[in-house]
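A closer look at the structure
The lines below spell out each chain.
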Amino acid sequence: MAGFWQTILAFRKYLIIVSVPLLFLPLPLAVPTKEAQCGYTIIIMALFWCTEALPLAVTSLFPVLLFPLMNIMDSTTVCQEYLKDTNMLFIGGLLMAIAIENWQLHKRIALRVLLITGVRPALLLMGFMIVTAFLSMWISNTATTAMMVPIAQAVLEQLHKSEMESSTAGQVSENINKAFELQEEATKPESSRETEKKDVGNSHVLTVEEDKKINENLLDEKHKQFCKGMSLCICYSASIGGIATLTGTTPNLILQGQIAELFPNNDNVINFASWFSFAFPTTIVLLVLTWIWLQILYLGFNFRKNFGCASSASEKVKEQHAYNIIKEECKKLGSMKFPEIAVLILFVLLVLLWFTRDPGFIPGWATVLFNKNDTSYVTDTTVAIFISVLLFIIPSNISNKDKQTGSKSKIRAPPALLDWKTVHQKMPWNIVFLLGGGFALAKGSEESGLSSWLGTKLTPLQQIPPPAIAFLLCLLVATFTECASNVATTTLFLPIVASMAEAICLNPLYVMLPCTVSASLAFMLPVATPPNAIVFSYGQLKVIDMAKAGFVLNILGVLTITLALNTWSSSLFQLQTFPSWANKTGKCP
């Protein structure tokens, strides 16, 4: 019997691939409508995405196969959904991130910030969180975590080593004091003195050994707790930091693409500047709450001690050793070289152009110079691709001489800041297909009439207050994203909640924004997101540790998103009114 279940487990992916389509086949056969056929495709893709029976990118290609066969959309129209403006923005943003990684600029930024924050427990935690969150705003969450964890491990090991050394020194000092006390017993009779010496000596040796062992165990336990807190702070900050920018994590780009797909006349409501205005304050609040919660959970309630206000001389020495580790790592990088400076300038230029393209409160440079007749010719994608092209043009050195044998030297042109070989190795092309698959599903739902059908079925939700709807959707998505990838979660939920919002005359952004951000609240399980898996692989965390810390953070995250939605976001996106660009049917006032 055990062998049978082992076989089932080993071949489970093949069983899912065969059984899921057959199990749901009665749906399109019993209800031969386009809505049912599109629903069949979505169910199969959702289950394959959740179980990862097929690679996520392969599942994303199903619309190209099934929609033409079901007469929902022709093949040419479906294929056009796989490389839209949002996909190109994703590629442009990643090319910049790859250049930053390639020239180690992210490591230099990380070490510099850690030198500023220092190594006292609470400040060290904060320093790693700030650096990780900032870097994950611009480069992938996975790459950020993979870089920050080894740095954290080195610092923590040095702190632990210094603690053990200072503890051993304290024990030696105590032993010397006890020896002097034994020698002072000379006034007693010889026989009694020897007996007492033997008894006291033996008991003292046992006491010292026991104290040493207890002390070491306490230090080990303290070190393990701090390691757990540090590991979690890095992976959580990577997920939270990605929320802040439009290109920080894939769900944000999916939202922009779905808005453009479902509501073509949306007046470019989601762009880099508008998203940052909404998401950056949300990120700050979430980071602060995470920092406080991890302090309470792994450093205790003694905030005075956590901030090093009552630190002894030995603790200061220990902190200095750990600080020196960071300093040494920083020295190894040397002074900033030309390619680092060039990439940094291009990065700053990219961010400035994104912010000033269409800030909203004043006309941007794109509106003044390029956009005509209320048509947005230049988008955030244009800027990203412009900077990306420059990365392949600008040389990585001003002069480059390759010395040959003898006195002759051959002058060769230096390579560019970025080359295609590096891009090919580091570019996650599967995400491009995932984005495309999501857009194809959204378009198929609209063309088949499934979106309209869902909207009519969800009309009774009009009786529920909008804040309650948003809160429940946040909880649902935050729970779902623990088991499925955040990309798959966002791709599945956004078209459904958009249809619901249209049906009940609610601003679509009121439900789409919280669902998108909630998809990044994958804090409870190691498999929920790559940063979680990376820190879990170091062996310092148990699943229960992540679940315990992540459960509370999920609740705090949902509450923070609800707060953001009903305060600054409400005035920013006019969420209390139903926009004209969403009123496609004309039924809403």
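Please refer to the structure placed before this passage.
Residues numbered from 1 in each chain as written. Predicted model: local features only at pLDDT ≥ 70, side-chain atom pairs only at ≥ 80, totals over all residues. Heavy atoms only, no water.

**Re the overall build of the chain**
When you go through the chain residue by residue, the secondary structure sums to 28 helices and two strands. Relative to its 589 residues, the chain shows a buried fraction of 48%. Of the accessible surface of the chain, which amounts to about 28100 Å², a share of 65% is contributed by carbon and sulfur atoms. (Helix = DSSP H or I, 4+ residues; strand = E, 2+ residues; numbered from the N terminus. Buried < 20%, exposed > 50% of the residue type's maximum accessible area, 1.4 Å probe, protein only. Areas by Shrake-Rupley, 256 points an atom, 1.4 Å probe, with all protein chains shown as cover.)

**Describing the packing of aromatic side chains**
The tally for this structure, following the rule as stated, stands at 18 aromatic pairs. Seen in terms of ring centroids, F134 and W138 are 6.4 Å apart; in terms of plane orientation they differ by 70°. Their pairing is edge-to-face. On the basis of relative accessible area, F134 is assigned to the partly exposed category, the value being 32%. Given the relative accessible area of 13%, W138 is considered buried. Judged by centre distance (6.5 Å) and plane angle (10°), the rings of F272 and F276 are stacked. With F272 and F276 both in helix α14 (residues 272–298), this residue pair falls four residues apart, about one helical turn. When its relative accessible area of 2% is taken as the criterion, F272 is described as buried. What links up through ring pairs into an aromatic cluster is the set F134, W138, F272, F276, F280, F347, W354 and F355. (Phe/Tyr/Trp six-rings, centres within 6.5 Å; stacked < 30°, edge-to-face > 60°.)

**Some points on helix α25 (residues 508–518)**
Counting buried residues along α25, eleven of its eleven residues qualify, which places the element largely inside the surrounding structure. Listed in full, the buried residues belonging to α25 are P508, L509, Y510, V511, M512, L513, P514, C515, T516, V517 and S518. Looking at the buried residues of α25, the elements they touch are α13 (250–262), α14, α23 (466–480), α24 (486–503), α27 (543–565) and α28 (568–573). (Contact = heavy atoms within 4.5 Å.)

**A few points about unusual backbone geometry**
Phi at N71 takes a positive value of approximately 60°, unusual for a residue other than glycine. Within the fold, N71 resides in the loop between α6 (62–69) and α7 (75–80). One non-glycine residue, D267, adopts positive backbone phi at about 60°. Within the element layout of this structure, D267 appears in the loop between α13 and α14.

**Regarding the side chain of T481**
Here T481 shows up in the loop between α23 and α24. Here the side chain of T481 touches A519 through a polar contact of 2.9 Å, landing on its backbone oxygen. Dropping the residues within four chain positions of it, T481 is found in contact with N486, T489, S518, A519, L521, A522 and A528. (Polar contact = N/O pair within 3.5 Å; in protein donor to acceptor, adjacent residues only side chain to side chain.)

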